[in-house]
Amino acid sequence: MIGDRWGVTEAEVTRRYPCDDLVTAPTLQLWRGVTVRAEPEIVWRWVTQIRLAPYSYDWIDNLGRRSPQHLHPLPEPVPGDYFTTALGGRRFGKIIAVVPSEHLTGRIMGAFMSYVLVRDDPTTRLLLKIVMAQGRLVAPLLTVGDLVMARRQLLNLGWLAEQTSPV
């Protein structure tokens, strides 16, 4: 499918992601990835801030409200917490699974997504996989829309982590 992969290697596509355990027969699978010049612990702190804002195109998915550009002292996410805040402050989704500095997996509107951090000294690979069991008819639209939004989100999170990193 056009747009199902961006910034990932074949090995990253074939690896197992936590969301794979939640949707065993997906009709939609998307992979995204960026290399970040920062330690996983710093990248992780930015990934967990998705709870505060979407970090993609704020004028679209956050009604013009800017995603925070500095780290907030947030507690570690836990399953059951809300996943993100968008559309000017509304909470969406649910965190399903967490391993600090390794992965954050959540669900939003029937889609399960895993943000996975892979140490690749001196950088970190920030990977995102999204799966859905339903939605075969809207999959092409979701794929293209997600490609634009998820790409921007990962690039923004990576840039912010690099600005925070002492490296």
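Residues numbered from 1 in each chain as written. Predicted model: local features only at pLDDT ≥ 70, side-chain atom pairs only at ≥ 80, totals over all residues. Heavy atoms only, no water.

A. Geometry of the overall build of the protein. Looking only at helices and strands, one finds four helices and eight strands in the protein. The linear arrangement of helices and strands in the protein, starting from the amino end, is β-α-β-α-α-β-β-β-β-β-β-α. Looking at the protein as a whole, 47% of its 167 residues qualify as buried. Contacts spanning at least 24 positions in sequence make up 65% of the contacts within the protein whose residues lie at least 6 apart. Approximately 8500 Å² of the protein is accessible, and the part contributed by carbon and sulfur atoms is 58%. (Helix = DSSP H or I, 4+ residues; strand = E, 2+ residues; numbered from the N terminus. Buried < 20%, exposed > 50% of the residue type's maximum accessible area, 1.4 Å probe, protein only. Contact = heavy atoms within 4.5 Å. Areas by Shrake-Rupley, 256 points an atom, 1.4 Å probe, with all protein chains shown as cover.)

B. Quick peek at the packing of aromatic side chains. Taken as a whole and judged by the stated rule, the model has two aromatic pairs. Relative to Tyr-55, the ring of Trp-46 lies with its centre 6.2 Å away and its plane at 85 degrees, an arrangement referred to as edge-to-face. Both residues of the pair, Trp-46 and Tyr-55, belong to the buried class. Positioned over the ring face of Trp-31 is Arg-5, at 5.5 Å from the centre of the ring. (Phe/Tyr/Trp six-rings, centres within 6.5 Å; stacked < 30°, edge-to-face > 60°. Lys NZ or Arg CZ within 6 Å of the ring centre and 35° of its normal.)

C. Examining the sheet that holds strand β1 (residues 5-6) more closely. One open sheet accounts for six strands, arranged β1-β2-β8-β7-β6-β5; its pairing is mixed. Strands at the two margins of the open sheet, each flanked by one partner only, are β1 and β5 (94-99). As paired elements, strand β6 (residues 103-108) and strand β7 (residues 111-120) share six bridges and run antiparallel to each other. The partner of Ile-108 across the bridge, within β7, is Ala-111. Against the sheet, helix α2 (residues 40-48) touches β2 (28-36), β5, β6, β7 and β8 (123-132), its axis set at about 160 degrees to β7. (Pairing = 2+ DSSP bridges. Axes fitted to C-alpha atoms, helices over the stretch in contact; angles between N-to-C directions.)

D. Looking closely at the pattern of salt bridges. Applying the stated rule across the entire model yields eight salt bridges. A salt bridge links Arg-125 to Glu-12; the shortest N-O distance between them is 2.7 Å. Here the residue Arg-125 occupies a position in strand β8, and Glu-12 occupies one in helix α1 (residues 10-14), the gap between them amounting to 113 residues. For the pair shown, Arg-125 and Glu-12 are each scored as buried. With a shortest N-O distance of 2.9 Å, Arg-119 and Glu-41 are connected by a salt bridge. (Salt bridge = Lys/Arg side-chain N within 4 Å of Asp/Glu carboxyl O.)

E. Expanded view of α2. Across the nine residues that make up α2, a large majority, seven, are buried. Here α2 has its buried residues at Pro-40, Ile-42, Val-43, Trp-44, Trp-46, Val-47 and Thr-48.

The values are spatial; any link to function lies outside them.
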